Amino acid sequence: ASICNYLLEKTRVVGPNSEERNYHIFYQLCAVSDPDLKEDLALPAAGDNAITKAGGTLTVEGVDDALDLKETQESMVRLGFTASEQVEVLRITAAIVHLGDVSLVMDEARGEGPHFDGDTRAGHACRLLGIEMDRMRKVVGYRSRIDPISKALIESPHTQESGQGVVLTICKALYARLFNWLIGRINTAMERADDSNLGYSIIGLLDIYGFEVFELNSFEQLCINFANEKLQQHFNSHMFRLEQAMYAEEGIDWEHIEWEDNQTIIDALEKKASASSPPGVFVLLDSECLMPKATDQSFLQTIFSSFQGTPNEKVVTKAKRVATNEFAVTHYAAKVVYNVAGFLVKNMDRLDPDVVNLFQGLPEGVLSSFFDAAEAKPSKTVTVGSQFRGQLDELVSDLHQTYPRYVRCIKPNGKKAVHEFDSQEVLRQLRCAGMLEAIRIRRAGYGARRSFVEFVQRYGVICSSLESDGAVSQCKEALEKICAMPQVREASLPSPPYQMGKTKIFMKEQLQQVLEELLTDAVAQRAVRVQSYWKMRQARARYLRKVISARQLQAILRTCGARTEFLVHVRKKRSAVAIQACYRKVVRRRKFLHFRDAALRLQKFVRKRASHRVYMAKLKAAVALQAQLRTYLWTKKTAAALEAAREAARQAEVAYRLELAEKKVEEQAAEIERHQQELESVQAKLAEASSELDKVRGEAQLASESLEAESKKREALEAQVQQITAEAATTQEAAEERRQELQGQLAAAEARADQAAAEAANGHGAQEASLATLEQRAAEAEASAQKHKEECETLAAQVAALRQETGDRQGQTQVADASATEARLQQLTKELAAAQEAVQAEREINQEDKV
């Protein structure tokens, strides 16, 4: 396969039409999903690029640009593109987007050429293209020329507009040459080495331009509409030749068919100058491009002066009566107004040598093959218009040598909306496509044509019967019978209304319409006949169904009568059984109710007794719990009181002992004083005593003996006092052990109180038992207290006897100790009495709780 490119609309790269997207590859690169490729291309979103947002449309419904880019890359892989070629193609395309967003500024004070307003986008473009930034600045800012005399290189600064034009020229040149390189690369991938030796037949697929009419029509629209004029002329002549060949092949007599020829319009656009007609618009444009001082306005004036007063002045006219930059061409489809701005530049399509030199010396690759060094040298100018017309002439020549098939695509509306049909838009497209003229050419002859077999199969229904055999004979017989019908004779048909060919029958459109009407009537009559037969069959079927239904209904009614009688008998039997059952049920229910009442009364009594027991158990448990709790509280309070009493007794004992010690000291001091007095008296009476010494010595001997007896008696009393003291200490230890035992019993009582609180639901009897135990223990404590009281009274009597027996100081000291012990015992007695009173008060509280 091979692809040919006739005309690429390069201006669309930098200036797309309003409400239209630019080339899809730009948006695909802006939506790239590969992070590495995205970082390399450094393209922002489509809405941030001048090229992609110029048309005002960024997205298309149902189009995923990222997915389309992946499909594009997959297609390049399938076509054999290398990885480096793929990357370089995408980098060149991204560089075009970056260059389209570059803006220039002028520094008028320095008198230099324009420079980039920010180097970011320009830097990305130079990096992707592999050229130096300084070289790009020089090409954009200055234009190089060679002095024809001195052959010296002269650099003149660009204006801001011309510099911006250089940038846009680079964009268009890169895209156009990349497009052509892709076509050549695809053709290389699809060609086969043995194609030239096999002699294959060629099937060509031509995607032609549609007739274009925009608000602003330029050089590209003129070329496209000229191509449509040439192709429309071929289409009309082809249709005419087909009709002529078919009539000659079938042996049909026919008259010359007049059809509209657009050769005048084609001559007005491309014919060279002659004595009878001026040169065409393209010829004038090529001639104007050769003029050194030619402008778009001079080209427009040349058009008006050349066509004025010529036969083609109605084809090429002024757009308006006032002076404008526009001229109008009356095309085959419609009248189009063209603006000549940029016609000369677009027709020349010449690259500045500086731009060509900018891309020289690049490494071998895709971009290095775009520009040839020979382009920088002056050569014979070949315009775009002449190239396009040459390609178009070759195309028309190929079409004349082949058998073309035309496929016309008609848009229902110009808004790209679904479920919307614009009849005026469709009519305009049909007129522009030449379909109306093609239909007129066909209808001028015998527009309806059918083979004999097809005619008999379709219209044989109109005749009642055909007696002849064979399709041709039946077709003639059918036509004779049809033409003899009153409806056909009354219709004004052209003469002859039909002709018989060799394989087909050719009919006028009027006869075709009459045949369709007769066919409709014949089909309607036969349809009515079929309907009547079908309705008869339906009615008979309904009648038979009704008869069968009536018989079935009678059988059902008889069955229902017999069934009713049987059901009455069954109901009577069931009623008797039901009555008997009800009677037995009443009797048995009465017995059951009697037994149930007795059982309920017995259950009530038993449950009452059980509930009473449970209640009493719970009550006793609650009372026991309260008693134990109160006992615990009282014991805790009594323990605190006992501790306070012990502390007070200890303090009183210490105070008492201190007082006794003070008194003893005073007595000793008095005794010492008395002894001193006695010593003085003794000294005074020493003399008297010396005389009586002997007498005294005798008395002393007696006194010494008496003293020894008194000492022995005193030792016996001391031993007795020690024994009493030991007994008192033993009694005190017993009282302390009893106190500790009472405290242990109190702790056990507290534990039992906690246990009784958990087992309160088990019965009130346990509480009463616990209360009785507490009462018994209180009685034991009372008896123990009484015993201690008696022991204290005994100790008190012994102390009194000891006081009477001993009269010396040591005896008095022992008596004081015994008095302290007695006071301690009396204090314990008082505490025991208080405990008894607390127990009695607790008993009264428990009794009140019971009540």
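Above this note sits the structure.
Residues numbered from 1 in each chain as written. Predicted model: local features only at pLDDT ≥ 70, side-chain atom pairs only at ≥ 80, totals over all residues. Heavy atoms only, no water.

Peer 1: Would you explain the pairing of strand β10 (residues 504–507) in this entry?
Peer 2: Consecutive residues of a regular strand have side chains that alternate between opposite faces of the sheet. Strand direction decides the pairing type here: strand β8 (residues 448–451) and β10, joined by four bridges, are antiparallel. Residue pairing in the sheet places serine 451 in a bridge with lysine 504 of β10. Examined bridge by bridge, strand β9 (residues 498–500) and β10 share three bridges and lie antiparallel to one another. Bridge pairing links methionine 500 to isoleucine 505 in β10. The hairpin formed by β9 and β10 contains three residues between the paired strands. (Pairing = 2+ DSSP bridges. Helix = DSSP H or I, 4+ residues; strand = E, 2+ residues; numbered from the N terminus.)

Peer 1: When you look at the sheet that holds β8 in this model, what are you seeing that I'm missing?
Peer 2: Backbone-to-backbone hydrogen bonds pair the strands of a sheet. The strands run either parallel or antiparallel. Across the sheet, three strands lie side by side as β8-β10-β9; this open sheet has antiparallel pairing. Strands at the two margins of the open sheet, each flanked by one partner only, are β8 and β9. Each strand axis lies, on average, 15° off the axis of its neighbour in the sheet, ignoring direction. Helix α11 (residues 219–250) rests against β8 and β10 of the sheet, and its axis sits at about 125° to β10. Sheet strands touched by helix α21 (residues 471–483): β9 and β10. Its angle to β9, the strand with the most contacts, is close to 160°. (Axes fitted to C-alpha atoms, helices over the stretch in contact; angles between N-to-C directions. Contact = heavy atoms within 4.5 Å.)

Peer 1: Help me out: how do you make sense of the packing of α11 against helix α17 (residues 384–401) in this one?
Peer 2: When two helices pack together, you describe them by how their axes are tilted relative to each other and by the distance separating the axes. Between α11 and α17, the shortest axis-to-axis distance is 11 Å and the interhelical angle comes to 15°. With respect to α17, the axis of α11 lies roughly parallel. Crossing angle aside, the handedness with which α11 passes α17 is right-handed. Residues Phe219, Cys223, Phe226, Ala227, Lys230, Leu231, His234, Ser237 and Arg241 of α11 touch α17, and the partners they reach there are Val384, Gly385, Phe388, Arg389, Leu392, Asp393, Leu395, Val396, Leu399 and His400. Looking at the contact of α11 with α17 residue by residue, the class counts come to eleven nonpolar, four polar and four charged. (Parallel < 35°, antiparallel > 145°, perpendicular 65-115°, else oblique. Left-handed = near helix turned anticlockwise from the far one by under 90°. Nonpolar A, V, L, I, M, F, W, Y, C, P; charged D, E, K, R; others polar.)

Peer 1: Sorry, what's going on with the packing of aromatic side chains here?
Peer 2: According to the stated counting rule, one finds nine aromatic pairs in the structure shown. Here the aromatic rings of phenylalanine 81 and tryptophan 181 are separated by 6.0 Å at their centres, their planes lie at 80°, and the arrangement is edge-to-face. Of this pair, phenylalanine 81 sits in the loop between α5 (65–78) and α6 (83–100) while tryptophan 181 sits in helix α9 (residues 160–190); the two residues are 100 residues apart in sequence, bridging distant segments of the chain. Tryptophan 181 matches phenylalanine 81 in its accessibility class, with the two residues each being buried. Grouped by ring-pair contacts, the aromatic residues Phe219, Phe299, Phe327, Tyr338 and Phe343 constitute a single cluster. A cation over a ring is seen here: arginine 185 above phenylalanine 81, with NZ or CZ 4.8 Å from the ring centre. (Phe/Tyr/Trp six-rings, centres within 6.5 Å; stacked < 30°, edge-to-face > 60°. Buried < 20%, exposed > 50% of the residue type's maximum accessible area, 1.4 Å probe, protein only. Lys NZ or Arg CZ within 6 Å of the ring centre and 35° of its normal.)

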